[in-house]
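Coordinates in review
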Amino acid sequence: MANDTYSMPSPIPGMSFVYDKATDDPVGVTTPDGKEVKFGGGGSTTPAAVVSAATQMSDAERVSAGIQAQRVVTNVARWGFDTAAVRAAYTATPPGGTLYFPPGATFTLKADSVYAACLRVLKAINIESDGALLKLATDAPTGTRMFEVAADDVSISGLSIEQTGVEGSTCVYASGAARLRVMRNNFKTPKSGALLLNDNVSEVLFAHNTVLGEGYGVLANDNPGIQRVTISANTFDGTGGGKDAVEINGIDHDKFDITTVGNTIANYQAVGPAVGFGIGYARVVRGSISGNVIRGCARNGIHIEANSSLVSVSTNNVSDCGNAGIEVQGEFGKVCASISIADNTVSNCCLTPLYNLGNGGIEVGSSTGAAFTGYGSTGVSVSGNILEGNR
């Protein structure tokens, strides 16, 4: 690096941005092998210059620098640590670029009005961190959405998001989005969901996240167009009033190809007529619930209802739930069909008088734990399950 320049770390592995000492203009990058590559265009004294200058690099310069256009990285902290800073950094991030929150930093955000977003994501970008904390302001409006995603090919990873005390708040709200990836984040007390799927959302992956405290983990509204959703390898702990870990909701609109696999779920103890479940599927067509460990839920560990069909429930371990460990329910003309319940272990679960006291291990329209085609369910098969200590 020349004596008249200085460098600043970049989130791109092994690369630094280079600035002119006299003007603080961005003038280039230092590559992983120590080579300095100058930008093709000029600069300015604003933080956006890093991004704008990087986008002026020729293809040859990008190759020499070891980056591509989509790896342009915007460090939010150069703008500040509030909502305005995040929005400014987002504006400066080109499609395919990365909006980066540096580790160790705390950002306090607030939407402008009720049920509005701190940041609306309307282009394909990566929102990344290695542990930055994003907190809602204590006076944030009801229903605040930390991120509202309405674009394809968005990923959100590595953040800690805290929404303590804000009613109706959502960490990630998705509507009109495909190929959304939410991975390796820590969510605390999301009142209406760490991830809320509203409508026309497909090919979603929610994986390797931790969700703590009251509210929902993953919640899908009863709206059309929700399909191909995978919820995998997450930890959900509802201690403090958790509603449901996973609730795929539906009375009027089918949800297609929903997979919930390999999650750890505990302590969803909220009191109410439709909360306190580990995993709930309503009007799901072609679904899978497998390999999950579920314990300590106020109601059912796994609950299937409302015209769900072609759903497989297998190799789950469900224990210490207030109602049935696994239940298929099809009342009020909402018939469930073609449900397979196989090779699960259910222990220390029970039923409330609402569903007739009996063996609370697996309840499929009866209190015996056996397959039963009444109570609005048809084509339900139950095999190879282990029931221990249920009542």
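What comes next is a walk through the structure.

**A few points about the overall build of the chain**
The secondary structure content of the chain amounts to 3 helices and 36 strands. In the chain, the proportion of contacts linking residues at least 24 apart, taken out of those at least 6 apart, comes to 68%. On the chain, roughly 14,700 Å² of surface is accessible, and the fraction owed to carbon and sulfur atoms is 52%.

**Quick notes on unusual backbone geometry**
Non-glycine residue Arg228 carries a positive phi angle of around 55°. Mapped onto the elements of the fold, Arg228 is located in strand β20 (residues 226-232). Taking the relative accessible area as the measure of exposure, Arg228 reaches 37% and is therefore partly exposed.

**Overview of the pairing of strand β11 (residues 145-149)**
Successive residues of a regular strand alternate their side chains across the two faces of the sheet. β11 sits mainly inside the fold: 5 of its 5 residues count as buried. Relative to β11, strand β8 (residues 117-121) runs parallel, the two sharing 4 bridges. Looking at the pairing, Ala117 lines up with Arg145 of β11. Summarising the sheet, β11 and strand β14 (residues 170-178) pair through 4 bridges and their orientation is parallel. Looking at the pairing, Phe147 lines up with Val172 of β14.

**Details of the side chain of Glu327**
Examined against the element boundaries, Glu327 turns out to sit in strand β31 (residues 326-329). Of the side chains with opposite charge, Arg299 comes closest to the buried, unpaired Glu327, at an N-O distance of 6.4 Å. A polar side-chain atom of Glu327 sits 2.9 Å from a polar atom in the side chain of Asn300.

**Topic: the packing of aromatic side chains**
All told, the structure shown has 4 aromatic pairs when counted by the stated rule. Ring geometry for Phe81 against Phe107: centres 5.2 Å apart, planes inclined by 40°, an arrangement best described as tilted. Highlighted residues: Phe81 in the loop between β5 (73-75) and α3 (83-92) and Phe107 in strand β7 (residues 106-109), separated in sequence by 26 residues. A relative accessible area of 41% places Phe81 in the partly exposed class. With centroids separated by 5.0 Å and ring planes inclined at 90°, the aromatic side chains of Phe101 and Phe107 adopt a geometry described as edge-to-face. The residues Phe101 and Phe107 share a single accessibility class, namely buried. One aromatic cluster is present, built from ring pairs that chain together Phe81, Phe101 and Phe107. Over the face of the ring belonging to Tyr90 we find Lys123, whose NZ or CZ atom lies 4.4 Å from the ring centre. Of note, Arg145 hangs over the ring of Tyr173, and the distance from its end group to the ring centre comes to 3.6 Å.

**Overview of the nonpolar core**
Formed by 73 residues in total, the largest nonpolar core has its most connected members in Phe101, Leu134, Phe147, Phe206 and Phe236. Looking at this core, the element that brings in the most residues is strand β17 (residues 195-207), giving 5 residues. Those residues in contact with Phe206 that sit more than four places away from it in its chain are Val182, Phe187, Ala194, Leu195, Val211, Val218, Thr230, Ile231, Ser232, Asn234 and Phe236.

**Concerning the pattern of salt bridges**
Using the criterion set out here, one finds 10 salt bridges in the structure. The salt bridge partner of Lys110 is Asp139, with a shortest N-O separation of 3.0 Å. Of this pair, Lys110 sits in the loop between β7 and β8 while Asp139 sits in the loop between β10 (133-136) and β11, and the two are 29 residues apart along the sequence. The partner of Asp152 in a salt bridge is Arg179, and the shortest N-O contact between them spans 3.7 Å. With a gap of 27 residues between them, Asp152 in the loop between β11 and β12 (155-157) and Arg179 in the loop between β14 and β15 (181-183) connect regions that are remote in the sequence. For Asp152, a relative accessible area of 35% puts it in the partly exposed group. A network of salt bridges, in which partner residues are shared, links Arg120, Arg145 and Glu148.

**Regarding the environment of Thr189**
Checked against the element boundaries, Thr189 lands in the loop between β16 (186-188) and β17. In the structure, Thr189 is positioned 19 residues away from Thr170 in sequence and 9.3 Å away in space, judged by C-alpha atoms. Not counting the four nearest positions on each side in its chain, Thr189 is found in contact with Gln163, Thr164, Ser169, Leu212, Gly213 and Glu214.

**Quick word on the environment of Ser160**
Inspection of the secondary structure puts Ser160 in strand β13 (residues 160-162). As for Ser160 and Asn209, which are separated by 49 residues in sequence, their C-alpha atoms are 9.9 Å apart. If near-sequence neighbours (up to four positions away) are discounted, Ser160 is found in contact with Gly131, Ala132, Leu133, Leu134 and Asn186.

Here is what the cut-offs are and how they apply
Residues numbered from 1 in each chain as written. Predicted model: local features only at pLDDT ≥ 70, side-chain atom pairs only at ≥ 80, totals over all residues. Heavy atoms only, no water. Helix = DSSP H or I, 4+ residues; strand = E, 2+ residues; numbered from the N terminus. Contact = heavy atoms within 4.5 Å. Areas by Shrake-Rupley, 256 points an atom, 1.4 Å probe, with all protein chains shown as cover. Buried < 20%, exposed > 50% of the residue type's maximum accessible area, 1.4 Å probe, protein only. Pairing = 2+ DSSP bridges. Lys, Arg positive; Asp, Glu negative; His and termini not counted. Salt bridge = Lys/Arg side-chain N within 4 Å of Asp/Glu carboxyl O. Polar contact = N/O pair within 3.5 Å; in protein donor to acceptor, adjacent residues only side chain to side chain. Phe/Tyr/Trp six-rings, centres within 6.5 Å; stacked < 30°, edge-to-face > 60°. Lys NZ or Arg CZ within 6 Å of the ring centre and 35° of its normal. Core = buried A, V, L, I, M, F, W, Y, C linked by side-chain atoms within 4.5 Å.

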